[in-house]
Amino acid sequence: MLRERFDRIEIIDLRGDVRRGERAGVEGDQGVFNIQVGTAITLAIADGSKARGASARVTYIDSWRKDYLRA
């Protein structure tokens, strides 16, 4: 249903699940919010850019894989 209503959907996985322990190649993780589970941000954009009847393009960004949010 979301892919029908919106033109683009972007999912940014911030990770941060402190319940699972250490991950390979990462010393520690800290949640973005004061919760124990991982966090993802979803942006659903309706700007008229997709063809009528087409499904939205979905983009997934993994903050660990790309080192986006790490210092």
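Since the model is a prediction, treat every value here as computed from it, not as a measurement.

Caption draft 1: Seen up close, the overall build of the chain. What the chain contains, in helices and strands, is 2 helices and 3 strands. Mapped from its N terminus to its C terminus, the chain presents α and β elements in the order α-β-β-β-α. Sorting the 71 residues of the chain into buried and exposed places 18% on the buried side. When contacts within the chain are restricted to residue pairs at least 6 apart in sequence, those whose partners lie at least 24 apart make up 73%. A total of about 5,600 Å² of accessible surface is found on the chain, and carbon and sulfur atoms cover 49% of it.

Caption draft 2: Focus on the pairing of strand 1 (residues 8-15). The pairing of strand 1 with strand 2 (residues 39-45) spans 7 bridges and is classified as antiparallel. By the bridge assignment for strand 2, Glu-10 is matched with Leu-43. For strand 1 and strand 3 (residues 57-62), the ladder comprises 6 bridges, and the chain directions are parallel. Paired with Ile-9 across the bridge in strand 3 is Val-58.

Caption draft 3: Broad picture of the environment of Glu-10. Along the polypeptide, Glu-10 turns up in strand 1. Residue Glu-10 is classed as partly exposed on the basis of its relative accessible area, which comes to 24%. Sequence separation between Glu-10 and Ile-61 is 51 residues; the distance between their C-alpha atoms is 7.8 Å. Leaving out residues up to four positions away in the same chain, Glu-10 has contacts with Ile-41, Thr-42, Leu-43, Ile-45 and Thr-59.

Caption draft 4: Quick peek at the sheet that holds strand 1. Here we have 3 strands laid out as an open sheet, ordered 2-1-3, and mixed in their pairing. Either end of the sheet is taken by a strand with one partner, and the two such strands are strand 2 and strand 3. Averaged over all pairs of adjacent strands, the angle between strand axes in this sheet comes to 15°, irrespective of strand direction.

Rules behind the numbers
- Residues numbered from 1 in each chain as written.
- Predicted model: local features only at pLDDT ≥ 70, side-chain atom pairs only at ≥ 80, totals over all residues.
- Heavy atoms only, no water.
- Helix = DSSP H or I, 4+ residues; strand = E, 2+ residues; numbered from the N terminus.
- Buried < 20%, exposed > 50% of the residue type's maximum accessible area, 1.4 Å probe, protein only.
- Contact = heavy atoms within 4.5 Å.
- Areas by Shrake-Rupley, 256 points an atom, 1.4 Å probe, with all protein chains shown as cover.
- Pairing = 2+ DSSP bridges.
- Axes fitted to C-alpha atoms, helices over the stretch in contact; angles between N-to-C directions.

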